[in-house]
Amino acid sequence: MPELPDVETLVRTLRRRLVGGRIHSTRILTPGTVRSPSAAQFIRQLRRRRVNAVDRRGKYLLIQLDGGLLLLVHLRMTGDMEVVTPRAPVHRHTRLILRFDRGGASGGGGQELRFTDQRRFGHVDLLPAAAVEQFTPLVRMGIDPLSRGFSLEAFRLLLQGRRGALKPLLLRQDVVAGIGNLYADEILYQARLHPGRRVESLRPAEVRRLHEAIREVLRRATASLSRYGRPVGELLDARDVGGRCPRCGRPLQVSRLGGRATYFCPSCQRPPRDLAEGGAPTRREG
Ligand SMILES: [Zn+2]
């Protein structure tokens, strides 16, 4: 599933390839992909629009067009976008094709933006840019962890008065937008906090560590994805190669938390006391 660093990487690619380009024509291969407006309206309204900017809010892609229009894309489970030459063979999971007159900054001849989606949960809306502030999923969305607004102070305020386990909280899109299962585990590992640790028990130094881990993990993953096409993460890599903690060498543990498989090091991320009785016994170092 695309997580925030994947979407951010895609935004940077699309920005580079599409801004300045003008849409020549649109083909909808799978009608359900376009949620609004109607297919005919969608095709007509997109005609001759120029791409002014490409942005992101949480995991939504925002493609700003001239004429005050906004193309809003959510990739969901298996969605992806690619910019290719019109001659490239159309994939069987391609749902939507926007043909461009010519590239943006990259220049060149015509190119196509193609939306592919194997499982078809992804969707596209075209709306007046002004309506975006009333678009319910965006209104409900929490703070973007890669934005300037995500300061330590803002994070502290967000946590104030909340209760419950940390991992499910990190996954809540209406609190901090865009953190998925993979990076939630990596963030908690970097912050040396147990996934089942209760939010209300965090000390100020731990809140600071968590805040820093969120920013660092997502930033590093985005940088690595943009450069090498793959994410990095200490825990992420260890999971792949054999499941030992890169720091202390102990076997990683897997448990289910909030319905999701959760990896952590039982030694570096000590279980909180209130979990010890029900789950694994608290281990001591040495
Ligand atoms: Zn460890």
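In what follows, the accompanying structure is described. (Residues numbered from 1 in each chain as written. Predicted model: local features only at pLDDT ≥ 70, side-chain atom pairs only at ≥ 80, totals over all residues. Heavy atoms only, no water.)

1. Things to note about the overall build of the protein chain
Working step 1: Within the protein chain, the regular secondary structure consists of nine helices and 11 strands.
Working step 2: The C-alpha extent of the protein chain, read off along each of the three principal axes, is 65 × 40 × 30 Å.
Working step 3: The proportion of buried residues among the 286 residues of the protein chain is 47%.
Working step 4: Here the protein chain displays about 14200 Å² of accessible surface, and carbon together with sulfur accounts for 49% of that area. (Helix = DSSP H or I, 4+ residues; strand = E, 2+ residues; numbered from the N terminus. Buried < 20%, exposed > 50% of the residue type's maximum accessible area, 1.4 Å probe, protein only. Areas by Shrake-Rupley, 256 points an atom, 1.4 Å probe, with all protein chains shown as cover.)

2. Examining the pairing of strand β5 (residues 69-74)
Working step 1: For β5, the tally of buried residues reaches six of six residues, placing the bulk of the element in the interior.
Working step 2: With six bridges connecting them, strand β4 (residues 60-65) and β5 associate as antiparallel partners. Within β5, the position partnered with I63 by the bridge is L71.
Working step 3: Between β4 and β5, which pair antiparallel one after the other, the connecting turn spans three residues, and G67 there sits at a positive phi close to 75 degrees.
Working step 4: As defined by bridge partners, β5 adjoins strand β9 (residues 123-128) across six bridges and the pair is classed as antiparallel. Across the sheet, H74 pairs through a bridge with H123, a residue of β9. (Pairing = 2+ DSSP bridges.)

3. Focus on the sheet that holds strand β6 (residues 79-84)
Working step 1: Strand order across the open sheet formed by four strands is β1-β7-β8-β6, with antiparallel pairing between neighbours. Lying at the two open borders of the sheet, with one neighbouring strand each, are β1 (23-28) and β6. Here the strands of the sheet are splayed against their neighbours by 15 degrees on average, with no regard to which way each runs.
Working step 2: Across five bridges, the pairing between β1 and strand β7 (residues 94-100) is antiparallel. Across the sheet, residue R27 finds its bridge partner in β7, namely I97.
Working step 3: Contacting β6, β7 and β8 (111-117), helix α1 (residues 4-18) crosses the sheet at an angle of about 25 degrees to β6.
Working step 4: The strands that helix α2 (residues 39-46) touches are β1 and β7; relative to β1, the one it contacts most, it runs at about 165 degrees. (Axes fitted to C-alpha atoms, helices over the stretch in contact; angles between N-to-C directions. Contact = heavy atoms within 4.5 Å.)

4. As for a nonpolar patch on the surface
Working step 1: On the surface, M1, M77 and F121 cluster together into a nonpolar patch covering about 310 Å² of accessible area.
Working step 2: Tracing the chain through its elements places M1 in the segment before α1. (Patch = residues over 30% accessible without salt bridge, like charges linked within 9 Å, V, L, I, M, F, W, Y side chains within 5 Å. Salt bridge = Lys/Arg side-chain N within 4 Å of Asp/Glu carboxyl O.)

5. A short note on the side chain of R56
Working step 1: With respect to the element layout, R56 can be found in strand β3 (residues 51-57).
Working step 2: Within the structure, the side chain of R56 is placed 2.7 Å from the side chain of E8, a separation counted as a polar contact.
Working step 3: Only 2.9 Å separates the side chain of R56 from the backbone oxygen of G58, close enough to count as a polar contact.
Working step 4: Beyond its immediate chain neighbours, meaning those up to four positions away, R56 contacts L4, V7, E8, V11, L62, D144 and L146. (Polar contact = N/O pair within 3.5 Å; in protein donor to acceptor, adjacent residues only side chain to side chain.)

6. Details of the coordination of the zinc ion
Working step 1: Donor atoms from the polypeptide that bind the zinc ion are C245 (SG), C248 (SG), C265 (SG) and C268 (SG), placed at 2.2 to 2.4 Å.
Working step 2: Considering all four donor atoms around the zinc ion, angles at the metal cover 101 to 115 degrees and the coordination shape is tetrahedral.
Working step 3: One chain supplies every donor to the zinc ion, and in sequence these donors are spaced C-x2-C-x16-C-x2-C. Placement of C248 in the loop between α8 (234-241) and β10 (253-257) and of C265 in the loop between β11 (260-264) and α9 (273-276) is noted, with a sequence separation of 17 residues between them. (Donors = N, O, S within 2.8 Å, 3.2 Å for Na, K, Ca; no water. Tetrahedral: all angles 85-135°; square planar, octahedral: opposite > 155°, others 65-115°.)

7. Brief notes about the pattern of salt bridges
Side chains carrying opposite charge are able to pair once their charged atoms draw close together.
Working step 1: One pass over the structure, following the stated rule, counts 22 salt bridges.
Working step 2: K167 serves as the salt-bridge partner of D185, at 2.8 Å between the closest nitrogen and oxygen. Taken together, the residues D185 in helix α6 (residues 181-190) and K167 in helix α5 (residues 166-171) connect sequence positions 18 residues apart. Comparing D185 with K167 shows no difference in burial state: the two are buried.
Working step 3: Across the salt bridge formed by D185 and R239, the nearest N and O atoms sit 3.7 Å from each other. With D185 in helix α6 and R239 in helix α8, the pair connects residues that are 54 residues apart, well separated along the chain.
Working step 4: Owing to a relative accessible area of 1%, D185 belongs among the buried residues under this scheme.

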